[in-house]
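Structure assessment
Chain by chain, the residues:
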Amino acid sequence: MENFKKSTIYQIYPKSFCDSNGDGVGDIRGIIQKLDYIKSLGVDYIWSTPFFASPMNDNGYDVEDYRKIHPTFGTMADVEELIAQAEKRGMGIMLDMVFNHTSTRHKWFQKALSGDPDYMDYYIFKDGSPKEPPTNWQSKFGGSAWEYVPSLKKWYLHLFDVTQADLNWENPRVREELKEIIRFWKEKGVKGFRFDVVNLISKPEVFEDDTEGDGRRFYSDGPKVHEYLKELTADTGINHMVTVGEMSSTSLKHCIRYSNPEEKELSMCFNFHHLKVDYKDGEKWELAEPDYRKLKELFETWQCEMEKGKGWNALFWCNHDQPRIVSRLGDETTYWKESAKMLAACIHMLRGTPYIFQGEELGMTNPGYGDIEEYRDVESINYYHILLEQGKTKEEALEILGQRSRDNSRSPMQWDAGEYAGFSTEKPWIGIPKNHSWINAAAQEKEEDSILNFYRKLTGLRKKYEAVSEGAVEFLYREQPEIFAYRRRWNQQEILVVNNFTGREIKLPEPIKDREYQRLLGNYPPEQVKWIETLRPYESMILLKKIL
Ligand code: GLC
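Note that the structure is predicted; figures quoted are calculated from it, not measured. (Residues numbered from 1 in each chain as written. Predicted model: local features only at pLDDT ≥ 70, side-chain atom pairs only at ≥ 80, totals over all residues. Heavy atoms only, no water.)

As a further point, take the domain arrangement of the protein chain. Looking at the assigned domains, one finds that the protein chain contains domain 1 (3-102 + 172-455), domain 2 (107-165) and domain 3 (469-546). Counting residues at the interface gives 29 residues for domain 1 and 30 residues for domain 3. In total, domain 1 and domain 3 occlude about 2500 Å² of area from one another, counting both sides; carbon and sulfur atoms represent 67% of this. Among the residues domain 1 hides against domain 3, the three largest losses belong to Lys296, Met342 and Met349. Together they make up 26% of the total. Linking domain 1 to domain 3 there are one salt bridge. (Domains from an automatic or database assignment. Contact = heavy atoms within 4.5 Å. Buried area = accessible area lost by both parts, 1.4 Å probe. Salt bridge = Lys/Arg side-chain N within 4 Å of Asp/Glu carboxyl O.)

The next thing to look at is the nonpolar core. Ranked by internal contacts, the top residues of the largest apolar core, which has 150 residues, are Ile38 and Trp317. Ranked by residues supplied to this core, first place goes to helix α12 (residues 336-348) with eight residues. In terms of nonpolar packing, the next biggest core, distinct from the first, is built from 16 residues, Trp137, Tyr148, Leu157 and Val378 among them. (Core = buried A, V, L, I, M, F, W, Y, C linked by side-chain atoms within 4.5 Å. Buried < 20%, exposed > 50% of the residue type's maximum accessible area, 1.4 Å probe, protein only. Helix = DSSP H or I, 4+ residues; strand = E, 2+ residues; numbered from the N terminus.)

The local shell around the ligand holds 14 residues, among which Asp58, His101, Asp196, His320 and Asp321 are the closest. Residue arginine 406 places a side-chain N or O atom 2.9 Å away from an oxygen atom belonging to the ligand. When isolated, the ligand has an accessible area of 310 Å², and the protein chains bury 96% of it. Tallied by class, residues from the shell around the ligand come to four nonpolar, three polar and seven charged. Composition of the shell around the ligand by domain shows at least three residues from each of domain 1 (3-102 + 172-455) and domain 2 (107-165). (Near = heavy atom within 4 Å. Polar contact = N/O pair within 3.5 Å; in protein donor to acceptor, adjacent residues only side chain to side chain. Areas by Shrake-Rupley, 256 points an atom, 1.4 Å probe, with all protein chains shown as cover. Nonpolar A, V, L, I, M, F, W, Y, C, P; charged D, E, K, R; others polar.)

Moving on to the side chain of glutamine 480. The residue glutamine 480 is located in the loop between β18 (472-476) and β19 (483-490) in this model. With a relative accessible area of 17%, glutamine 480 lands in the buried category. Excluding residues within four positions of it along the chain, glutamine 480 makes contact with Lys296, Ile506, Lys507 and Pro509.

Working definition: an aromatic ring pair is given by the centre-to-centre distance plus the angle between the planes. Going through the model one piece at a time under the given rule, you end up with 41 aromatic pairs. Ring pairs connect the aromatic residues Tyr66, Phe99, Trp108, Tyr119, Tyr122, Phe193 and Phe195, which therefore count as one cluster. Between lysine 5 and the ring centre of tryptophan 312, over which it is positioned, the NZ or CZ distance is 4.8 Å. Here the basic side chain of arginine 173 rests over the ring of tyrosine 119, its NZ or CZ set 5.8 Å away from the ring centre. (Phe/Tyr/Trp six-rings, centres within 6.5 Å; stacked < 30°, edge-to-face > 60°. Lys NZ or Arg CZ within 6 Å of the ring centre and 35° of its normal.)

In this section: the sheet that holds strand β9 (residues 154-157). Strand pairing in a sheet takes place through backbone hydrogen bonds and is either antiparallel or parallel in direction. The antiparallel open sheet is built from three strands, whose spatial order is β7-β9-β8. For this open sheet the edge positions go to β7 (125-127) and β8 (146-149), each flanked by a neighbour on one side alone. Pairs of neighbouring strands in the sheet enclose a mean axial angle of 35°, with direction left out of account. Inspection of the sheet shows β7 paired to β9 by three bridges, in the antiparallel sense. The partner of lysine 126 across the bridge, within β9, is tryptophan 155. (Pairing = 2+ DSSP bridges. Axes fitted to C-alpha atoms, helices over the stretch in contact; angles between N-to-C directions.)

With their axes 11 Å apart at the nearest point, helix α8 (residues 225-236) and helix α9 (residues 252-259) run at an angle of 15° to one another. Compared by their axis directions, α8 and α9 come out roughly parallel. Crossing geometry of α8 relative to α9 is assigned as right-handed. In contact with Val225, His226 and Leu229 of α8, α9 contributes His254, Arg257 and Tyr258. Grouping the amino acids of the contact of α8 with α9 by side-chain chemistry returns three nonpolar, two polar and one charged. (Parallel < 35°, antiparallel > 145°, perpendicular 65-115°, else oblique. Left-handed = near helix turned anticlockwise from the far one by under 90°.)

This brings us to the pattern of salt bridges. This structure, assessed with the given rule, holds 48 salt bridges. Notably, a salt bridge pairs glutamate 81 with arginine 29, separated by 3.0 Å at the nearest N-O pair. Remark: arginine 29 occurs in helix α1 (residues 28-33) and glutamate 81 occurs in helix α3 (residues 76-88); sequence separation between them is 52 residues. Relative accessible area serves as the criterion here: at 31%, arginine 29 is assigned to the partly exposed category.

A word on the environment of methionine 364. Topologically, methionine 364 is positioned in the loop between β17 (353-357) and α13 (378-389). Given the relative accessible area of 2%, methionine 364 is considered buried. As a C-alpha pair, methionine 364 and glutamate 374 span 10 residues in sequence and 18 Å in three-dimensional space. Those residues in contact with methionine 364 that sit more than four places away from it in its chain are Arg324, Val326, Gly359, Ser411, Pro412, Met413, Gln414 and Ile439.

Okay, the sheet that holds strand β12 (residues 242-246) next. Ordered by their spatial adjacency, eight strands build an open sheet running β13-β12-β11-β5-β2-β1-β17-β16, and the pairing between neighbours is parallel. With one partner strand each, in any of the chains shown, β13 (268-270) and β16 (314-315) form the two edges of the open sheet. Strand direction decides the pairing type here: strand β1 (residues 9-12) and strand β2 (residues 45-48), joined by four bridges, are parallel. When the sheet's bridge partners are listed, isoleucine 12 is paired in β2 with serine 48.

Pasting the structure below:
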């Protein structure tokens, strides 16, 4: 059995995790200081978002040199120590490989800009009149996906920021360069990789206008993506490591292929369909109430179909690009603790490998920034201006950012109630939410039934019960969207997970006979009843039955 089935992975956004040298920005030595805390969560791997040399236009997802460490984060010696110290504690470090694009400051792009044809072929340059980009494709951060270079009289493709130029994977030299980077980090003792937007690497042969959308249908899960991934995996020998691909606007069919072990591509995939159920008609920058029916249907389809196709899901609510889940689908006030635990239980018992994003284990909320000056993220700032151009008022635009901005997850980790939340001794690069006075790690260490301790129990259950790591999954009460319930079965073990997604009491369609089950975990004190008939607000329970 692959060990990642019993594993939980902790995600760190280093800029906001822990600042060891008092410059207001988190760093690698800060992570080293907190390794015992991370270990105490029961996780097996730590994925850190990029800390490589970068102009930081997209906080490190614009890599200038994949073998150098950005000085703000530390040195190569620090990274080596991080790898060694994590290993000492039985944890592996996973690095984030941003291989769809590089920073325009990368030496390859600089050589391309100087007109070197070999390096121009590392990127996607197209001819065209300076007035009209080669296609109407849109950048994911707003505006055209093409930028004109007057000296070359050509346009280059950037699916993200203008300083993130897309690499040309058609070119075998590019693929070799990227493999070398993997080998370099493998040698340093890294135990796994996360591949950034890796399903966008294969572009179509012909570049044409998209009359239906922003162009994504032409390059998401593109024509040669499986071929490229197989080659990368085989030639770098990473098949025995933990690898996860971030898949943008992907499909189930492709995710099965990416993650079925027989295909030898990746261990698992992130997809984002379940995090679009509160988008209005698929539009991120339009607010809508979450559609719980859709959420449940999506989980059911992905869980059951991935099981049939022998694929493997990465399970997550939060990351550095998503708003905080308790603010999004839970309740930040009356049922803060109950809803944060319920949301955790929901995904941690599913089939797949769960991810915890720093601070999620504390029930951290969106920071509630009230002014555009408080935002740092390139996407958020771009869209703020786009929303104003579309006729929204400043208040409306800020309300949308307050719910949708990626900065919602990038506020500093709340370690304690001190002035800078124990994150730094100086004013941090981005504002600290006021609620750090009561939502913080120090307070939750002292409290037996804290969210933090609940997460520790969840990672333990995955290790202990094969039904969780290996079992088949079946969804229950399908007609009732507000109850998220499923069963996991493995040999003689059955685990039943029942969650109330609302702040109301809800009657179960069929009562559960309490005596038949052992309660493993819940977010309310258990009641002494014969039959469990109702669920309390945001109630969650995990029950075990031994099938005789
Ligand atoms: C991924 C990253 C995101 C980044 C983008 C471009 O979606 O998670 O933070 O901006 O790729 O690299």
